[in-house]
Amino acid sequence: MERGPGPSPHALAYGPQDDIEAVTRAVLTASRLLVAVSARSLATVEESITLPQFRMLVVLSTRGPSKLVSLADHLGVQPSTAMRMVDRLIASGLMARRTNPANRRETVLRLTEEGSRVVQDVTSRRRKEIMAVLRRLDPAQRTALVEALDVFNSAGQEPAFGGGDQGSHPLGWSDWADGGTQ
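Numbers given for residues are sequential positions, taken from 1 along each chain in its written order. This being a predicted model, a pLDDT of at least 70 is required before a residue's local features are given, and a value of 80 or more before pairs of side-chain atoms are given or counted; all residues contribute to the totals for chains, interfaces and linings. Computation of side-chain values covers all heavy atoms of the structure but excludes hydrogens and water.

### Side note on the pairing of strand E2 (residues 103-111)
So, step 1. Relative to E2, strand E1 (residues 95-100) runs antiparallel, the two being bridged by 6 bridges. From the neighbouring strand, Arg-98 faces E2, where its bridge partner is Val-108.
So, step 2. Linking two consecutive strands that pair antiparallel, namely E1 and E2, is a turn of 2 residues. One requirement defines pairing of two strands: DSSP has to find at least two bridges between them. Each helix is a run of H or I in the DSSP string that is no shorter than four residues. Each strand is a run of E no shorter than two, and both are numbered from the N terminus.

Written out as structure tokens, the structure is:
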């Protein structure tokens, strides 16, 4: 998918590169592509896990064991909604609850080995599909994309995803908004 010199197809179709509408359209198109990649990466588990439930697994994967109220708050849902999701994920063997050893009145939620495996498998499929798309770009385009996305992610206060580090927000949903606390 190499291009010759000159303006990009988006610049020709939408006007100058500093046009906020043109940039917004380009980002929305890229977002649509990434959502499609995400949906395809979930295809093997979507019969048993909904996207919101998978998001809960990812949050536990990145943040570690959590109390229900903290988890619900982080996901932006009511505790009753989170509890229904938790119950389904426990029934499917992807999550477990245990008593907090520091406070016997509290329950802590965690991923099971199977839950961790599901998050890693979906993340791996997503990574492979994104890499296939990126291989269609020439090296200069990939470099420009990294620079542009780094600036975009910084403006959106999204922490960088580190190499093969599965502990660093493998599928997004970072904890930047609450300062990383539980």
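### A word on the packing of helix H3 (residues 51-63) against helix H4 (residues 68-75)
So, step 1. Note on method: axes are straight lines fitted to C-alpha atoms, helices fitted across the in-contact stretch only, with angles between N-to-C directions ranging 0 to 180 degrees. Across the interface, H3 lies against H4 with an axial gap of 11 Å and an inter-helix angle of 115°. Accordingly, the angle class assigned to the pair H3 and H4 is roughly perpendicular. Along this stretch, H3 crosses H4, giving a crossing that reads as right-handed. Taken together, the residues of H4 that come into contact with H3 (itself represented by Arg-55, Met-56, Val-59, Leu-60 and Arg-63) are Leu-71, His-74 and Leu-75.
So, step 2. Residue polarity is assigned by list, with Asp, Glu, Lys and Arg as charged and Ala, Val, Leu, Ile, Met, Phe, Trp, Tyr, Cys and Pro as nonpolar; anything else, Gly included, falls into the polar class. In the contact of H3 with H4, the residues fall into 5 nonpolar, 1 polar and 2 charged. Here the angle decides the label: under 35 degrees means roughly parallel, over 145 means roughly antiparallel, 65 to 115 means roughly perpendicular, and every other value means oblique. Handedness of a crossing follows from how the near helix is turned relative to the far one, being left-handed for an anticlockwise turn of less than a right angle and right-handed for a clockwise one. The contact definition used throughout considers only heavy atoms, calling two residues in contact when any of these lie within 4.5 Å.

### Here we look at a nonpolar patch on the surface
So, step 1. A surface patch of nonpolar side chains, about 380 Å² in accessible area, is lined by Val-23, Val-27, Leu-145, Leu-149 and Phe-152.
So, step 2. A per-element tally of the nonpolar patch places helix H7 (residues 139-155) first, with 3 residues.
So, step 3. With respect to the helices and strands, the residue Leu-145 is situated in helix H7.
So, step 4. A relative accessible area of 32% means that Leu-145 is categorised as partly exposed. Patch definition: residues above 30% relative accessible area lacking any salt bridge, with like charges linked at up to 9 Å and the nonpolar side chains Val, Leu, Ile, Met, Phe, Trp and Tyr linked at up to 5 Å. The Shrake-Rupley method, run with a 1.4 Å probe, gives the accessible areas here. Residue values count only the displayed protein chains as cover. By salt bridge we mean one thing: a side-chain nitrogen of Lys or Arg within 4 Å of a carboxyl oxygen of Asp or Glu. A 1.4 Å probe rolled over the protein chains alone gives each residue an accessible area, and that area as a share of the maximum for its type sets the label: buried under 20%, exposed over 50%, partly exposed in between.

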